[in-house]
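A look at the structure
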Amino acid sequence: MSDIPYKIYLDESEMPKAWYNLRADMKNKPAPLLNPGTHQPMKAEELAPVFCDELIKQELDNDTPYFEIPQEIREFYKMYRPSPLVRAYCLEQKLGTPAHIYYKFEGNNTSGSHKLNSAIAQAYYAKKQGLKGVTTETGAGQWGTALSMACSYFDLDCKVYMVKVSYEQKPFRREVMRTYGASVTPSPSMETEVGKRILAAHPGTTGSLGCAISEAVEVATSTPGYRYVLGSVLNQVLLHQSVIGLETKTALDKYGVKPDVIIGCAGGGSNLGGLIAPFMGQKLRGEADYRIVAVEPASCPSFTRGKFAYDFCDTGMVCPLAKMYTLGSNFIPAPNHAGGLRYHGMSSILSQLYHDGYMEATSVPQTKVFEAAEQFARVEGILPAPESAHAIRVAIDEALKCKETGEAKNIVFGLTGTGYFDMVAYEKFHDGLMDDYIPTDAELEASFATLPKVD
Ligand SMILES: *Cc1c(COP(=O)(O)O)cnc(C)c1O
């Protein structure tokens with residue numbers, strides 16, 4: 001076993017040629033998106049003004065197991081993929097654990113995260129449809145950065161609505177997006193009807209993701225030649241992100257390593273859904289068994305304290321309803337929450353799998369997350385994104401359990417990105433200004449009360 005290299009790289013020829021659609025192997029399919037007015041399942045025609053045609057097909061297809069990755073996307077992937085699967089020998093040694101720890105590192109591109117895997121696919125299909133451009137929202141800016149780069153590659157216009165507080169406080173990400181030629185507008189803005197309405201009702205508001213989504217959707221549906229794209233949560237995004245899991249499985253199979261536990265952070269669920277896809281597929285088909293663990297922040301605990309119900313995907317309530325583990329579309333994590341993963345809901349695919357007992361979920365307080373981030377940075381040579389550090393926290397905890405029991409378990413986790421644009425959060429942690437606010441049951445109940453009534 002000691003002949004396993006520090007980094008397992010694949011050859012270009014070993015990269016996946018098709019994305020894997022986990023839904024094809026699910027007995028209980030994820031619930032369909034519903035029209036927010038009629039509560040009937042959304043048809044392709046109804047989604048067409050909002051999303052690109054090919055992406056709608058992918059979104060609604062619960063049966064086709066593999067989708068060929070178009071040649072142009074495979075060529076682009078080669079620029080920064082295959083991503084390495086790293087054996088964390090240094091971390092293992094530091095922890096003194098008999099466990100074998102592996103992580104799949106997705107931070108090796110300018111967006112600094114896995115989000116480019118889906119951004120390039122979405123931009124490709126928009127281009128192929130002959131569109132002029134796309135709109136989107138971004139919070140901290142990882143998704144906006146990935147999409148801007150993908151759009152510039154295909155000469156598409158990219159309009160990003162960036163939550164105003166981030167636009168002002170995170171000028172670096174904003175400038176990366178502008179480097180790729182995207183237009184970046186602080187949200188809420190005076191450019192849209194919904195933005196004007198929100199500004200009139202809440203003068204001086206610093207915005208929210210939900211509000212930025214509503215603006216981006218309005219601009220897409222009211223501008224000829226534009227569609228709206230989203231970087232997580234949707235089935236199509238999990239499909240594209242399956243490239244992470246497929247590469248991971250090929251790399252582990254090369255060395256005959258079978259994971260005992262697979263761990264990923266969960267915001268909207270796209271990296272986790274992608275990482276676990278082929279492993280979960282085996283589990284669903286009864287071919288193998290794995291422990292699969294989703295890690296979320298204790299301050300935004302969709303899986304562990306949310307309700308499995310239909311909810312709005314945005315605060316403006318313009319998007320279709322999705323059935324998912326949700327904290328309610330009005331839920332906003334406490335202002336002191338610095339670790340990302342702040343979306344109120346969760347992928348419908350992962351929600352169904354969790355509901356059916358195929359995976360576990362756990363939540364971790366943010367100071368413990370930053371402790372793990374720091375511990376990892378000091379020995380593994382990568383400064384992790386706070387989001388990724390949620391998975392590191394649980395991987396370290398699992399490895400420490402192995403130290404007690406003497407078990408040499410194989411632990412695999414997703415290291416979704418780097419944290420160089422998150423140094424203000426690290427600063428808060430170092431200065432002892434970070435607390436672990438956890439929402440009370442009463443706060444969550446108030447938010448659940450706003451769930452739409454769907455029967
Ligand atoms: C966006 C992001 C996440 C969370 O999104 P998911 O859709 O849950 O994967 C995690 N890590 C990084 C670095 C991100 O940018």
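Everything discussed here concerns the structure shown above.
First, a word on what this report is: a plain description of the structure on this page. Because the structure is a prediction, the values reported are computed rather than measured. (Residues numbered from 1 in each chain as written. Predicted model: local features only at pLDDT ≥ 70, side-chain atom pairs only at ≥ 80, totals over all residues. Heavy atoms only, no water.)

**Focus on helix H18 (residues 441-448)**
The test is simple: Relative accessibility under 20% of the residue-type maximum defines a buried residue, over 50% an exposed one, and the middle range a partly exposed one, all with a 1.4 Å probe and only protein chains included. The helix count covers DSSP runs of H or I at least four residues long, the strand count covers runs of E at least two residues long, and both are numbered beginning at the N terminus. The reported arc concerns the directions from the helix axis to the C-beta atoms and nothing else. For this analysis, residues touch if any pair of their heavy atoms sits within 4.5 Å.
The complete set of buried residues in H18 reads Leu 444, Ser 447 and Phe 448. What you see down the axis of H18 is that its buried residues fit within an arc of 100°, all on one side. With respect to the buried face of H18, the exposed residues turned more than 90 degrees away are Ala 442 and Ala 446. Buried residues along H18 sit against helix H13 (302-305), strand S12 (307-312) and strand S13 (321-326).

**A closer look at the environment of Thr 205**
Here Thr 205 shows up in the loop between helix H9 (193-201) and helix H10 (209-222). Sequence separation between Thr 205 and Gln 366 is 161 residues; the distance between their C-alpha atoms is 26 Å. Sequence-distant contacts of Thr 205, that is, excluding residues within four places in its chain, are made with Lys 164, Pro 188, Ile 198 and Leu 199.

**With respect to the sheet that holds strand S5 (residues 100-105)**
Our working rule: Think of it this way: DSSP has to see at least two bridges between two strands before they count as a pair. Here the axes come from fitting lines to C-alpha atoms, over the contacting stretch only for helices, and the angles between their N-to-C directions go from 0 to 180 degrees.
The sheet built from seven strands is open, its strands ordered S1-S4-S5-S15-S10-S11-S14 with mixed pairing. This sheet does not close on itself; its edge strands, each paired only once, are strand S1 (7-8) and strand S14 (360-364). The sheet contact formed by strand S11 (residues 291-297) and S14 spans five bridges and is parallel. In the sheet register, Pro 297 faces S14, and the bridge partner there is Val 364. In the packing of helix H11 (residues 235-254) onto the sheet, the strands contacted are S1, strand S4 (85-87), S5 and strand S15 (410-415), and the crossing angle to S5 comes to about 140°. Across the sheet, helix H12 (residues 270-284) touches strand S10 (261-265), S11 and S15, and the angle it forms with S10 is around 160°.

**A word on the pairing of strand S6 (residues 133-138)**
Of all the six residues making up S6, six are buried; the element is thus mostly covered by neighbouring parts of the structure. Taken together, the six bridges between S6 and strand S7 (residues 157-163) define a ladder with parallel strand orientation. Residue pairing for S7: Thr 138 is matched across the bridge by Met 162. The pairing of S6 with strand S9 (residues 226-228) spans three bridges and is classified as parallel. Bridge pairing in S9 links Thr 135 to Tyr 228.

**Section: the sheet that holds S9**
Taken in spatial order, the four strands of this open sheet run S8-S7-S6-S9, and their pairing is parallel. What marks the edges here is a single partner per strand, and that holds for strand S8 (183-187) and S9. Neighbour to neighbour, the strand axes of the sheet diverge by 25° on average, direction disregarded.

**What about the packing of aromatic side chains?**
The following threshold applies: Aromatic pairs are defined between Phe, Tyr and Trp rings, using the six-membered ring for Trp, whenever the two ring centres lie within 6.5 Å; interplanar angles under 30 degrees are classed as stacked, those over 60 as edge-to-face, and all others as tilted.
Within this structure, the stated rule accounts for 19 aromatic pairs. Relative to Tyr 290, the ring of Phe 279 lies with its centre 5.3 Å away and its plane at 85°, an arrangement referred to as edge-to-face. Separated by 11 residues along the polypeptide, Phe 279 in helix H12 and Tyr 290 in the loop between H12 and S11 bring together distant segments of the chain. Accessibility classification places Phe 279 together with Tyr 290 in one group, the buried group. Taking 4.9 Å as the distance between ring centres and 15° as the angle between the ring planes, the aromatic pair formed by Phe 308 and Tyr 325 counts as stacked. Of the two residues, Phe 308 sits in strand S12 while Tyr 325 sits in strand S13, which places them 17 residues apart along the sequence.

**A look at the pattern of salt bridges**
Selection criterion: One speaks of a salt bridge when a side-chain nitrogen belonging to Lys or Arg is within 4 Å of a carboxyl oxygen belonging to Asp or Glu.
Per the stated rule, a full pass over the model turns up 22 salt bridges. Salt-bridge contacts for Arg 81 lead to Glu 106; the nearest nitrogen and oxygen are separated by 2.7 Å. Of this pair, Arg 81 sits in the loop between helix H3 (71-80) and S4 while Glu 106 sits in the loop between S5 and helix H5 (116-128), and the two are 25 residues apart along the sequence. Pair check on accessibility: Arg 81 and Glu 106 agree, each one buried. Here Lys 196 ties to Glu 193 by a salt bridge, and the two come within 3.5 Å at their closest N and O atoms. Residue Lys 196 and its partner Glu 193 are both found in helix H9; the two are separated by three residues, about one turn of the helix.

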